[in-house]
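The chain contents come next:
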Amino acid sequence: MRFKSAFMIWIVVLLITMPIVSATDTQRSNYIHIESVTMTFEGSDMNVTVKYKLDLFAKFYMLFFGTKVVEPKLEGIFAEFENVEIKNVSQDSAEIFAVDVLVQDIGTYQIRQHKLGQEVDRLLIVFPDDYTITFDDVNTVPSITYSY
């Protein structure tokens, strides 16, 4: 009986603290650390793989209540992109899709600047011809014109 009571108190504390944690500053999160963002392109559309680490409370929250703790944060990170759809979320990664991010002109690819909703340890941009650009410790996807 004591175990059930302690467990219920723990769940209530968890439910109370998670909204407070998710309301913190968007650049620095207390419960999710973005390790890498990899952007790959199919035509003008973008597939994104986000790898992250969750703190202990967020892991338990996700275990009991699903991905709702992470999805708003991921949406916030990519808020400046249009037509963003979260495809898959797990304990340590997410797959995201965005439409019309890359502009292809004669001999060039262009990406306009997008502010990310949180700092990212490593940002990898992989163009359709597999040319890759890497940025460390960024909170913005820079404006890039790449000639191929």
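Up top is the structure these notes are about.
A few points on the structure. Computed from a prediction, not measured in an experiment: that's the story for all the values here.

Our next topic: the nonpolar core. Counting residues in hydrophobic clusters, the biggest one holds 38 residues, and the most contacted among them are Met 39, Tyr 52 and Phe 78. Not counting chain neighbours up to four residues away, the residues in contact with Tyr 52 comprise Ile 32, His 33, Ile 34, Glu 35, Met 62, Val 70, Val 89, Ser 90, Gln 91, Asp 92, Ser 93 and Ala 94.

Before going further, it helps to spend a moment on the sheet that holds strand E2 (residues 45–54). What the six strands build is an open sheet, ordered E3-E4-E2-E1-E7-E8; its pairing is mixed. Strand pairing shows two members of the sheet lacking a second neighbour, strand E3 (84–89) and strand E8 (132–141), which therefore form its edges. Between one strand axis and the next, the sheet turns by 25° as a mean value, whatever way the strands run. Judged from the six bridges that link them, E2 and strand E4 (residues 93–98) form a sheet pairing that is antiparallel. When the bridges of E4 are listed, Asn 47 appears paired with Phe 97. Most of the contacts of helix H2 (residues 56–65) go to E2, to which it runs at about 115°, and overall it touches E2 and E3.

This part covers the sheet that holds strand E5 (residues 102–105). If you walk across this open sheet you meet the three strands as E5-E6-E9, and the pairing is antiparallel. Unpaired on one side and paired on the other, E5 and strand E9 (144–147) mark the two borders of the sheet. The mean angle between the axes of side-by-side strands here comes to 20°, regardless of whether they run parallel or antiparallel. In this structure, strand E6 (residues 108–111) lies alongside E9, joined through four bridges in antiparallel fashion. Opposite Ile 111, over in E9, you have Ile 144 as the bridge partner.

With that settled, consider the pairing of E4. Among the six residues of E4, five are classified as buried, and the element is accordingly described as predominantly covered. Where E3 and E4 come together, five bridges link them in antiparallel fashion. By the bridge assignment for E4, Asn 88 is matched with Glu 95. Where E3 hands over to E4, the hairpin turn is made up of three residues, counted between the paired strands.

Parameters at a glance
Residues numbered from 1 in each chain as written. Predicted model: local features only at pLDDT ≥ 70, side-chain atom pairs only at ≥ 80, totals over all residues. Heavy atoms only, no water. Core = buried A, V, L, I, M, F, W, Y, C linked by side-chain atoms within 4.5 Å. Buried < 20%, exposed > 50% of the residue type's maximum accessible area, 1.4 Å probe, protein only. Contact = heavy atoms within 4.5 Å. Pairing = 2+ DSSP bridges. Helix = DSSP H or I, 4+ residues; strand = E, 2+ residues; numbered from the N terminus. Axes fitted to C-alpha atoms, helices over the stretch in contact; angles between N-to-C directions.

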